[in-house]
Amino acid sequence: LDFASDRGLTLEATDINTLLTSALLLLEHELKSKRVHVTLNLAVDLPTVLIDPRKMEQVIINLVMNSIQAMEDKEKRQMTIQTSSDVLDSIESNQGARTKEHLRSGDKLVTITIKDTGGGIPKESLANIWDPFFTSKPTGVGTGLGLSVTRKIIELHHGQISLENGDDGAIATIKIKAGKFET
């Protein structure tokens, strides 16, 4: 619950590539023991983002752990993590938002994409993945809070997160505004 609380949001100018590398070091044993091959495609010269590194690290750890668990029964266990910087062309939601914190067309963004070969999210589960306590895992495995907490943390940073199915697995995409914002 601490990770989903905005009371302790400690914002720091952060390099996302460094944060990703640090989070992956924490998961190194789990990745090796589950025989998951990680490919990093980290963009050079990314702008910094103003985030709470501890909370954003928890987001990365949660998404990577979900990917690891999704690939446990798969022969091919490949994860690709990519960063990029671009300008937001259009906005999918909050189009009428007028506060300066919301993402808008023209904003410079840092994007993190995590792809896996875990087979994807069951179609019947897609509508509920962000709901607290929803899980598609067997009883006793997980709490069903991971993705709802992850989404809350991204929203606290005025960013966007999406999960969708790719060709052979799930794709998580996080977009965070580059530079500074005020809370």
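Here, every reference points to the structure presented above.
Report follows, based on the coordinates.

Rules and cut-offs
- Residues numbered from 1 in each chain as written.
- Predicted model: local features only at pLDDT ≥ 70, side-chain atom pairs only at ≥ 80, totals over all residues.
- Heavy atoms only, no water.
- Axes fitted to C-alpha atoms, helices over the stretch in contact; angles between N-to-C directions.
- Helix = DSSP H or I, 4+ residues; strand = E, 2+ residues; numbered from the N terminus.
- Left-handed = near helix turned anticlockwise from the far one by under 90°.
- Contact = heavy atoms within 4.5 Å.
- Nonpolar A, V, L, I, M, F, W, Y, C, P; charged D, E, K, R; others polar.
- Buried < 20%, exposed > 50% of the residue type's maximum accessible area, 1.4 Å probe, protein only.
- Pairing = 2+ DSSP bridges.
- Parallel < 35°, antiparallel > 145°, perpendicular 65-115°, else oblique.
- Salt bridge = Lys/Arg side-chain N within 4 Å of Asp/Glu carboxyl O.

## With respect to the packing of helix α3 (residues 53-70) against helix α4 (residues 146-156)
Packing of α3 against α4 leaves a shortest axis separation of 10 Å and a crossing angle of 145°. Seen along the crossing, α3 lies across α4 with a hand that is left-handed. Where α3 abuts α4, its residues Lys55, Met56, Val59, Asn62, Leu63 and Asn66 lie against Gly146, Leu147, Thr150, Ile153 and Ile154. Of the residues that constitute the contact of α3 with α4, the class distribution is six nonpolar, four polar and one charged.

## Some remarks on the pairing of strand β5 (residues 108-116)
Most of β5 is tucked away: seven of the nine residues are buried. Inspection of the sheet shows strand β4 (residues 78-87) paired to β5 by nine bridges, in the antiparallel sense. Across the sheet, the residue bridging to Thr83 is Ile112, located in β5. One ladder, built from seven bridges, connects β5 with strand β7 (residues 170-177); its direction is antiparallel. Residue pairing across strands places Ile114 opposite Ala172, the latter belonging to β7.

## Notes on the packing of helix α1 (residues 16-26) against α3
Running from N to C, α1 and α3 point in directions that differ by 55°, and their axes come no closer than 9 Å. Taken together, the axes of α1 and α3 lie oblique to each other. The hand of the α1/α3 crossing is right-handed. Only Pro53, Met56, Glu57, Ile60, Ile61 and Val64 of α3 make contact with α1, whose side of the interface consists of Leu19, Leu20, Ser22, Ala23, Leu24 and Leu26.

## Overview of the environment of Glu75
Here Glu75 is to be found in the loop between α3 and β4. Residues Glu75 and Val36 lie 39 residues apart in sequence; the distance between their C-alpha atoms is 10.0 Å.

## A short note on the pattern of salt bridges
Summed over all chains, the structure comprises five salt bridges. Across the salt bridge formed by Lys32 and Glu28, the nearest N and O atoms sit 3.4 Å from each other. On the criterion of helical spacing, the pair formed by Lys32 and Glu28 is a turn pair, its members being four residues apart in helix α2 (residues 28-33). Judged by its relative accessible area of 37%, Glu28 falls in the partly exposed class. Between Lys177 and Asp107 there is a salt bridge; the shortest N-O distance is 3.9 Å.

So yeah, pure geometry; function would need other evidence.
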